[in-house]
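Understanding the architecture of this molecule
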Amino acid sequence: MAGQEPEQRLGRDGVSGLVSASRAMRARDVSQPTPKDLADAAKVAAEVVRRRKRSVTQA
């Protein structure tokens, strides 16, 4: 039984107890965007704005 998580008990709402503090911290950590993710998103956003401005000026 070493390494197993303790039994999860559901709270009155049927959800509480499913996520432990350590699981929540891990989820937060892995969901953080990397600097590369942010740079890629900025490039895509700039391209979308450039295309939109071009289509508006041609109309």
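Residues numbered from 1 in each chain as written. Predicted model: local features only at pLDDT ≥ 70, side-chain atom pairs only at ≥ 80, totals over all residues. Heavy atoms only, no water.

Another aspect to go through is the overall build of the protein chain. Within the protein chain, the regular secondary structure consists of two helices and zero strands. For the protein chain, with 59 residues in total, the buried portion stands at 0%. On the protein chain, roughly 5600 Å² of surface is accessible, and the fraction owed to carbon and sulfur atoms is 59%. (Helix = DSSP H or I, 4+ residues; strand = E, 2+ residues; numbered from the N terminus. Buried < 20%, exposed > 50% of the residue type's maximum accessible area, 1.4 Å probe, protein only. Areas by Shrake-Rupley, 256 points an atom, 1.4 Å probe, with all protein chains shown as cover.)

What follows covers the pattern of salt bridges. Under the defined criterion, the tally for this structure stands at four salt bridges. Between aspartate 29 and arginine 28 there is a salt bridge, with its nearest N and O atoms 2.9 Å apart. Note on aspartate 29: relative accessible area 42%, which makes it partly exposed. Arginine 28 sits in the partly exposed class, given a relative accessible area of 43%. Salt-bridge contacts for lysine 36 lead to aspartate 40; the nearest nitrogen and oxygen are separated by 2.8 Å. Linking lysine 36 with aspartate 40, this pair stays in helix 2 (residues 35–58), spanning four residues, or about one helical turn. A single salt-bridge network, built from bridges that share partners, covers Glu47, Arg50 and Arg51. (Salt bridge = Lys/Arg side-chain N within 4 Å of Asp/Glu carboxyl O.)

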